[in-house]
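# Coordinate analysis (summary)
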Amino acid sequence: MQDKELYQHILGLASPWSVSGVELDIDAGEIRVHVAHPRGTKFGCPECEQELPCYDHAEERRWRHLDSCQFKTILVARPPRVECPEHGVKNVSVPWAEKSSRFTILFERLAIDILLATQTVTGAMSILRTSWDETWYFVQRAVRRGQDRKEARSLPRIGIDEKAFAKGQDYITLLYDLDNSTVEAISDGNNTDSGIACFSQLSQEQIASVEAVAMDMSAAYIKATKQAIPLAEDKIVHDRFHVMQLANKAVDKVRRGEHRKLTLDDDNRLAKTKYLWLTSQENLTEKQDALFGEVFTLRLETGKAWGYKELLRDLWDHDDAASATAFFQDWYRRVIHTKLEPMKKVARTIKERLQNVVSYCTHGITNAVAEGLNSKIMSIKRRVGGYRNRENFKTAIFFYCGGLDLYPR
Ligand SMILES: [Zn+2]
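The model shown is predicted, which means the values in this text are computed figures rather than measured ones.

Attention shifts here to the overall build of the chain. Scanning the chain from terminus to terminus reveals 17 helices and 13 strands. For 409 residues, the compact-globule estimate of 2.2 N^0.38 gives 22 Å, and the chain exceeds it by more than 25% at 30 Å. Reported as C-alpha extents along the three principal axes, the dimensions of the chain are approximately 95 × 50 × 35 Å. The burial tally for the chain puts 47% of its 409 residues in the buried class. Considering only contacts in the chain between residues 6 or more positions apart, those separated by 24 or more positions represent 59%. Approximately 21,100 Å² of the chain is accessible, and the part contributed by carbon and sulfur atoms is 49%.

Structure follows, in structure tokens:
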């Protein structure tokens, strides 16, 4: 079999295109496959598809294709141009590559597979033997392609949450589809406008389809949701993990205050116990549990605070909002009569938003799915060593977490 014929088969070139020559450049580690069409071939105008004779040829172009035995394989051709009576002189699109890409469709598909598998641009670069910019270009193009194709589906259960970018000084807001575990919208910042900017990326039909929205208790997202979603008050569900996080922080605050007081009397019982109090009892390791037993006493303020925190957890075990509300009111009465100021503050915060905490019983959603996505996002960020800027970080989130159809075809 002649090399021309071999490449004709390997490339799967369809008429009128055929291999006109194959060059092996050992020094460059490159195989160049020249592709041409016979004289007199007609091509469709890219605008109106009218069949027209070849007018002339554009400059020679090169497309990186899948390697042949470690050799970079380059398709070389001069794309024909047609002169359409209606649209003027136009470049004809070639079947092996997307418009303006310097890579064939098959190479781009491979690049996407490798990017998904390695989850890093630098990792994919070394396998593909492409530059950072070239590799990043696959990500950008794939996201654009996916977003162009994406159909607006209904979003009955969504979540809205903030994510720190660049060591917590800079935030983005993410909007999740909780049923499909995908990121649907991203905006800059974490204030009310950021929330509204996320909702505004949804269609009117999608907004109308929202039945429940999981979020933390920040005023910004509550306000944004009330502005963007009709009847939001019945749909907001404060994420149980965020609520418990507030309780955990309060326990820690009590511990720090008490530790400071105790050390004045050389009592160091609470030193280095921070994480013991943040863990729920069933999750303590054996060693921690033994240590916890030594430190835990209801005579310590920290022990009391921890007890109330653990009790609060039961709020989410109730089947209906009424019994959850009754449970909370009882919990509130106990906490509010203590001297545990940080816990009392949490109790008041929850009381103020109680309707949207117990709405968990109705809607049963949390941002836990989103938390899973968040950790995925953080690991992507870490492994890649940053995406150079916030826009790139957002693009990468859509690439890995957007549930998009990324591939060229
Ligand atoms: Zn035309």
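Looking now at unusual backbone geometry. Across residues other than glycine, the phi torsion is negative in most instances, and most of the peptide bonds are trans. Cis geometry marks the peptide bond from S15 to P16; its omega dihedral reads 5°. Mapped onto the elements, P16 comes out in the loop between α1 (3-11) and β1 (18-25). One non-glycine residue with positive phi stands out, namely C69, at about 45°. Positive phi is not limited to glycine here, since S181 has a value of about 50°. Inspection of the secondary structure assignment puts S181 in the loop between β10 (170-177) and β11 (182-188).

Coordination of the zinc ion by the protein comes from C45 (SG), C48 (SG), C84 (SG) and H87 (ND1), over a distance range of 2.2 to 2.3 Å. Each of the 4 donor atoms bound to the zinc ion contributes to angles spanning 101 to 116°, and the resulting shape is tetrahedral. In primary-sequence terms, the residues that donate to the zinc ion follow C-x2-C-x35-C-x2-H. Within this pair, whereas C45 is found in the loop between β3 (42-44) and β4 (51-57), its partner C84 is found in strand β7 (residues 80-84), the two being separated by 39 residues in sequence.

Take a negative patch on the surface next. On the surface, D314, D317, D319 and D320 cluster together into a negatively charged patch. Residue placement: D319 occurs in the loop between α11 (301-312) and α12 (321-336). Note on D319: relative accessible area 70%, which makes it exposed.

We now examine helix α13 (residues 341-352). Helix length check: α13, at 12 residues, gives a terminal C-alpha distance of 17 Å against a target of 16 Å (1.5 Å per residue), a fit within 8%. Within the span of α13, buried status applies to M343, K344, V346, A347 and I350. For α13, the arc enclosing every buried residue in end-on projection is 160°, short of the 170-degree limit, so these residues lie on one face. Opposite the packed face of α13, turned more than 90 degrees from it, sit the exposed residues K345 and E352.

Time to look at the packing of aromatic side chains. One pass over the structure, following the stated rule, counts 14 aromatic pairs. For the cation-ring pair, R240 lies above F241, with the distance from its terminal atom to the ring centre recorded as 5.5 Å.

The subject of this paragraph is the sheet that holds β4. If you walk across this open sheet you meet the 4 strands as β3-β4-β7-β8, and the pairing is antiparallel. Only two strands of the sheet have a single neighbouring strand rather than two, namely β3 and β8 (88-91). The average undirected angle you get between the axes of adjacent strands in this sheet is 55°. Where β7 and β8 come together, 4 bridges link them in antiparallel fashion. Bridging across to β8, R81 finds its partner in N91.

Another point: the domain arrangement of the chain. The assigned domain composition of the chain is domain 1 (1-96), domain 2 (99-234 + 366-409) and domain 3 (240-363). Computed over C-alpha atoms only, the centres of domain 1 and domain 3 are separated by 69 Å.

Tracing the backbone through its elements, the reader meets H37 in the loop between β2 (30-36) and β3. In this structure H37 comes out as buried when scored by relative accessible area, which is 16%. Within polar-contact distance, the side chain of H37 engages the side chain of H57 at 2.9 Å. Excluding its chain neighbours within four sequence positions, the residues that come into contact with H37 are P16, W17, F43, C54, H57 and P80.

A full pass over the atoms with the stated rule returns 34 salt bridges. Measuring nitrogen to oxygen at the nearest pair gives 3.5 Å for the salt bridge that ties R390 to D188. Remark: D188 occurs in strand β11 and R390 occurs in helix α17 (residues 390-401); sequence separation between them is 202 residues. Classification of R390 as partly exposed rests on a relative accessible area of 23%. Judged by relative accessible area, D188 falls into the partly exposed class, the value being 35%. A salt bridge links K394 to D188; the nearest nitrogen and oxygen atoms lie 2.7 Å apart. Linking K394 in helix α17 with D188 in strand β11, this pair joins segments that are 206 residues apart in sequence.

Turning our attention to the packing of helix α8 (residues 240-264) against α11. Running from N to C, α8 and α11 point in directions that differ by 175°, and their axes come no closer than 8 Å. Judged by the inter-axis angle, α8 sits roughly antiparallel to α11. Here M244, A247, N248, V251, V254, R255 and E258 of α8 lie close against α11, whose contacting residues are E301, T302, A305, W306, K309 and L312. In terms of residue class, the contact of α8 with α11 is made up of 7 nonpolar, 2 polar and 4 charged.

Right, let's talk about the nonpolar core for a bit. Counting residues in each nonpolar core, the largest one holds 76 residues, and the members touching the most others are V183, L312, L315, M343, I350, I397 and F399. Taken together, domain 2 (99-234 + 366-409) and domain 3 (240-363) each give at least three residues to this core, which thus spans both. When near neighbours in sequence (up to four residues on either side) are disregarded, M343 contacts A247, A250, V251, A305, Y308, K309, W331 and V335. Counting 20 residues, the second-largest nonpolar core is a separate cluster that includes Y7, W17, V35 and C84.

The rules behind these values
- Residues numbered from 1 in each chain as written.
- Predicted model: local features only at pLDDT ≥ 70, side-chain atom pairs only at ≥ 80, totals over all residues.
- Heavy atoms only, no water.
- Helix = DSSP H or I, 4+ residues; strand = E, 2+ residues; numbered from the N terminus.
- Rg over C-alpha atoms; globule rule 2.2 N^0.38 Å.
- Buried < 20%, exposed > 50% of the residue type's maximum accessible area, 1.4 Å probe, protein only.
- Contact = heavy atoms within 4.5 Å.
- Areas by Shrake-Rupley, 256 points an atom, 1.4 Å probe, with all protein chains shown as cover.
- Donors = N, O, S within 2.8 Å, 3.2 Å for Na, K, Ca; no water.
- Tetrahedral: all angles 85-135°; square planar, octahedral: opposite > 155°, others 65-115°.
- Patch = residues over 30% accessible without salt bridge, like charges linked within 9 Å, V, L, I, M, F, W, Y side chains within 5 Å.
- Salt bridge = Lys/Arg side-chain N within 4 Å of Asp/Glu carboxyl O.
- Lys, Arg positive; Asp, Glu negative; His and termini not counted.
- Charge placed at Lys NZ, Arg CZ, Asp CG, Glu CD.
- Expected span 1.5 Å × (residues − 1).
- Arc of directions from axis to C-beta.
- Phe/Tyr/Trp six-rings, centres within 6.5 Å; stacked < 30°, edge-to-face > 60°.
- Lys NZ or Arg CZ within 6 Å of the ring centre and 35° of its normal.
- Pairing = 2+ DSSP bridges.
- Axes fitted to C-alpha atoms, helices over the stretch in contact; angles between N-to-C directions.
- Domains from an automatic or database assignment.
- Polar contact = N/O pair within 3.5 Å; in protein donor to acceptor, adjacent residues only side chain to side chain.
- Parallel < 35°, antiparallel > 145°, perpendicular 65-115°, else oblique.
- Nonpolar A, V, L, I, M, F, W, Y, C, P; charged D, E, K, R; others polar.
- Core = buried A, V, L, I, M, F, W, Y, C linked by side-chain atoms within 4.5 Å.

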